[in-house]
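Single-letter residue listing:
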Amino acid sequence: MNFELSPEQEMLREMLQRFMTEKCGRDVVRAIVDGQDEWAAELWNAMQQLGLLGIGIDEILGGTGGCLMEVCLVAEALGHGLAPVPFVPTALVSQIIARFGNEHQRERLLPGIIAGGVRTTIAAIDGQFADGTISGTAPIALDGAIADIALLATNTHLVIVPLDGPHVTRTPIGSVDRTRSIARLSLAAAPADALPDAALDWWQDAAAVLSGFEQLGGTERVIAMTRTHVLERRSFGRAIGSYQAVKHRLVDMHIKALIARAHAYHGAWALMTDAPERRLAAAGARVAASEAYRFSAREGLQLHGAMGTSWEHDAHLHLRRAEMLGLVWGGSRIWKERVVVQLEQAHV
Amino acid sequence: MSEAMMDFNDSPEQANYRMQCRSWLAEALTDFDGRRPHFPDFDVPEVMAAARAWQSRKAAAGYAAISSPRGYGGGGGSRIEQEIFDQEERASPAPFTDVFDIGLGMALPTMAAFATPEQKSALLPPLIAGRDIWCQLFSEPSCGSDLAAVRTRAIRDGTDWILDGQKIWTSYAQHADYGLILTRSNPDVPKHKGLTCFFIDMRAPGVEVRPIVQMAGIAEYNEVFFTGVRVPDAQRLGEVDGGWSVALSTLMHERTLGGAGKVRGLTIADIIEGARKLQIGDVPALADGAVRERIADWWIDMEGIRLNYYRALTLLTRGETPGPEFSAGKLMSGRQVQEMAAFMLDLSGPSAIDIGDDSDSAGLAMEWLMAARRRLAGGADEIMKNILAERVLGLPVEPRLDKDIPFRDLF
Ligand SMILES: Cc1cc2nc3c(=O)[nH]c(=O)nc-3n(C[C@H](O)[C@H](O)[C@H](O)COP(=O)(O)OP(=O)(O)OC[C@H]3O[C@@H](n4cnc5c(N)ncnc54)[C@H](O)[C@@H]3O)c2cc1C
């Protein structure tokens, strides 16, 4: 039995925490929220220099090595820091290409991604792929406003589409989460390159797990920030954190985080090992992490009092991020249905 | 992929040990007919006889108290081996041995830490071998959560102590040979500072046990009265007036890993099976969106508890001790089973009012009735939340208005 991080992974986690404290302070996030910058390019460059964009990709392919679990830990740290960078879509794409892409696709795309110059989005599209081109609309492409390449999933294909050509129109949307540049993509016979069918089956599970770690990081941040607040803020002559209603609310948040972490680890493990229960494990990670982050963001805001409702305070940034991440790959009701379908099959 | 990657498999040594347990269980269980009641009622002589026989069988083969030293009749193994055996035993039709749980889970580690070497050699082997049953005499009519407020008096008399008072909710006291008891030895100091712990002979003159029937109809717990019970000072555990730290160590053993993977009861598979058979209008309940959503929610929590238990096992494998955060499993599972059972009763409709022995709902109703106790025994839900808030999240402790007041002035 080994269901914990390895000592090396623990070290990576600590390193990432220090890195984020240093490179992704409040000013970085606020510059995006208040519209000065579109995204945190400097943070992205710093990540690239550390090799974080090649993590989880074999050295033979130009990556930094390590496994998917390490990619997940990066996602967790970025979620913790509300980082305005397109890591999860980019890592999803590089993982998919490294895993399923042919030699040509790997050579064309991986070096650029690892070097930081190529950013990607991944999204479901209402449209058709035929004769090497794709047409249709992807209403929500996460980090799509700043991406160079998209992986788009129709019902039947997962295809690679460069976003710089004349066949692509992108329209930034007014995202609930202002820290991320989300766009609508419209494609009219845009040249596209298909990936094997197995990738189509894999990507949603991988998206669920990677985002699950991002949600988990956000959840832990909210819990830590709320804990600090309730220890400092006083009412009726004592710290509000000494009131049982407040203590128990934080325990509820903590337990949801505990459950989400267990599912997220399980999901990562199932993806790495191609376990038969991969779909169930991924859906578990998605549902548990969405619930943990949304619940903690909502209740954490409540425990901050009126201050939590202000623009200045970060509580709403987490509330918004939690909502965006909870919606982006489909809402909980859909993923719960996936859970039950899997359970029905397991208990015939 | 890095070598230290997560996996759910046993190490080669663990796999070996598991196979050894499995084949031993298969062989040892050929003697037992495998018929078990839904819930064990140890007042039924056959149930008790099977428990004793099975416990002694395990002890003879070194599978009782696996992680305790051999010197006292234990197996001399590791905590992870204990867990592996427990998993295999739970998956087998072995007779229920819950009546020994308090002895093995609480009395044994407490005695191992606080009793003299002679006492350990005399008392632990029969406990491990299923000859002696132990109970925990902590809760009283006037206090359960606030355990440090116990009133049962212990007054020094030469080399003995005289005990007077009453305990309640004492599981299996009607069968017990020995008990761990928390008493008030000094009422002139604040409540935590005037407690003393003893082990006592449940057959000593002046000890009277009266079973209390539980809501589900089984008498699992009791009231125990003490009238001038003489206990030698040699049976004291820990310091005079130092009983609180002894009690805390007992409670710690009670709560570690509690609820994590250990509880019997309704499973998601049971719910799915039930929801396939039951109808809402003309369609199976399992096709109903609201039912499906509840199933998903319960699975998320139950599976989360199970996976967390694996995290705790990993720590054991590495020789570390899982912290209080793992008591979240006990906290979650009580409420969960209660909700699932109530939901299934509701789905069954009016027919579930019939819970007679031959009815369809008999088993479910039993789960539902028995579930309430899980949320109280071993620490009420609210107290477990206080513990998590204070020990894991580091939030302020509850106000303790009585902390500095001599116990006798509190009332
Ligand atoms: C089946 C069963 C078996 C048991 N076996 C044993 C046994 O073998 N030995 C033994 O010693 N005891 C045993 N108990 C007793 C058990 O330990 C107590 O029931 C438990 O500790 C709660 O104490 P209480 O019943 O006195 O409830 P109380 O302490 O009176 O609590 C009542 C309610 O108030 C809440 N409450 C109390 N204090 C606080 C607080 N500070 N903050 C918030 N809420 C609070 C509780 O959570 C609970 O909901 C058993 C109980 C059951 C149900």
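No experiment lies behind these values; they were computed from the predicted model shown.

Some points on the packing of helix 9 (residues 328-348) of chain B against helix 10 (residues 362-374) of chain B
All names here are of chain B.
Part 1 of the reasoning: Relative orientation of the contacting elements helix 9 and helix 10 amounts to 150°, with a least axis distance of 9 Å. Compared by their axis directions, helix 9 and helix 10 come out roughly antiparallel. In terms of crossing hand, the pair formed by helix 9 and helix 10 is left-handed. Only Leu 364, Ala 365, Glu 367, Trp 368, Ala 371, Ala 372 and Arg 374 of helix 10 make contact with helix 9, whose side of the interface consists of Lys 330, Gly 334, Val 337, Gln 338, Ala 341, Ala 342, Met 344, Leu 345 and Ser 348.
Part 2 of the reasoning: In the contact of helix 9 with helix 10, the residues fall into ten nonpolar, three polar and three charged.

What about the pairing of strand 3 (residues 160-168) of chain B?
Residue and element names in this part refer to chain B.
Part 1 of the reasoning: One ladder, built from five bridges, connects strand 2 (residues 153-157) with strand 3; its direction is antiparallel. If you follow Asp 157 over to strand 3, its bridge partner there is Asp 160.
Part 2 of the reasoning: Where strand 3 lies against strand 7 (residues 221-232), eight bridges are found, and the strand directions are antiparallel. Of the residues in strand 7, the one forming a bridge with Asp 160 is Pro 232.

Side note on the UniProt feature "domain: Acyl-CoA dehydrogenase/oxidase C-terminal" (unreviewed entry) in chain A
Part 1 of the reasoning: Residues annotated by UniProt as "domain: Acyl-CoA dehydrogenase/oxidase C-terminal" (unreviewed entry) correspond here to residues 212-332 of chain A.
Part 2 of the reasoning: Secondary structure across residues 212-332 of chain A divides into 76% helix and 3% strand, with the first and last C-alpha atoms of the span separated by 12 Å.

Side note on the environment of Leu82(A)
Residues and elements named next belong to chain A.
Part 1 of the reasoning: The residue Leu 82 is located in the loop between helix 4 (68-80) and helix 5 (87-100) in this model.
Part 2 of the reasoning: Looking at Leu 82, the relative accessible area reads 3%, which means it is buried.
Part 3 of the reasoning: Between the alpha carbons of Leu 82 and His 304 there is a distance of 18 Å; along the sequence they are 222 residues apart.

Some remarks on the pairing of strand 1 (residues 120-124) of chain A
Residues and elements named next belong to chain A.
Part 1 of the reasoning: Most of strand 1 is tucked away: four of the five residues are buried.
Part 2 of the reasoning: Examined bridge by bridge, strand 1 and strand 4 (residues 149-153) share five bridges and lie parallel to one another. Across the sheet, Ala 123 pairs through a bridge with Leu 152, a residue of strand 4.

Points about the UniProt feature "domain: Acyl-CoA dehydrogenase/oxidase N-terminal" (unreviewed entry) in chain B
Part 1 of the reasoning: The positions UniProt marks with the feature "domain: Acyl-CoA dehydrogenase/oxidase N-terminal" (unreviewed entry) are residues 52-130 of chain B.
Part 2 of the reasoning: Span residues 52-130 of chain B is 59% helix and 0% strand, its end C-alpha atoms 5 Å apart.

Brief notes about the domain arrangement of chain B
All names here are of chain B.
Part 1 of the reasoning: Here chain B is described as being made up of domain 1 (135-241) and domain 2 (258-391).
Part 2 of the reasoning: Taken over C-alpha atoms, the centre of domain 1 sits 33 Å from the centre of domain 2.
Part 3 of the reasoning: Between domain 1 and domain 2, the buried area comes to about 540 Å², and carbon and sulfur atoms account for 70% of it.
Part 4 of the reasoning: When the buried surface of domain 1 facing domain 2 is broken down by residue, Ser 145, Met 215 and Ala 216 rank first, second and third, together holding 63% of it.
Part 5 of the reasoning: Viewed at the interface, domain 2 and domain 1 are joined by one salt bridge.
Part 6 of the reasoning: The residue Glu 220 makes a salt bridge to Arg 373 at a minimum N-O spacing of 3.3 Å.
Part 7 of the reasoning: For the pair domain 1 and domain 2, the number of links is one residue pair in polar contact (both at pLDDT 80 or more).

Reading the values: rules and limits
- Residues numbered from 1 in each chain as written.
- Chains lettered and ligands numbered in written order.
- Predicted model: local features only at pLDDT ≥ 70, side-chain atom pairs only at ≥ 80, totals over all residues.
- Heavy atoms only, no water.
- Axes fitted to C-alpha atoms, helices over the stretch in contact; angles between N-to-C directions.
- Helix = DSSP H or I, 4+ residues; strand = E, 2+ residues; numbered from the N terminus.
- Parallel < 35°, antiparallel > 145°, perpendicular 65-115°, else oblique.
- Left-handed = near helix turned anticlockwise from the far one by under 90°.
- Contact = heavy atoms within 4.5 Å.
- Nonpolar A, V, L, I, M, F, W, Y, C, P; charged D, E, K, R; others polar.
- Pairing = 2+ DSSP bridges.
- UniProt positions renumbered as here; feature names shortened; annotations may be inferred.
- Buried < 20%, exposed > 50% of the residue type's maximum accessible area, 1.4 Å probe, protein only.
- Domains from an automatic or database assignment.
- Buried area = accessible area lost by both parts, 1.4 Å probe.
- Salt bridge = Lys/Arg side-chain N within 4 Å of Asp/Glu carboxyl O.
- Polar contact = N/O pair within 3.5 Å; in protein donor to acceptor, adjacent residues only side chain to side chain.

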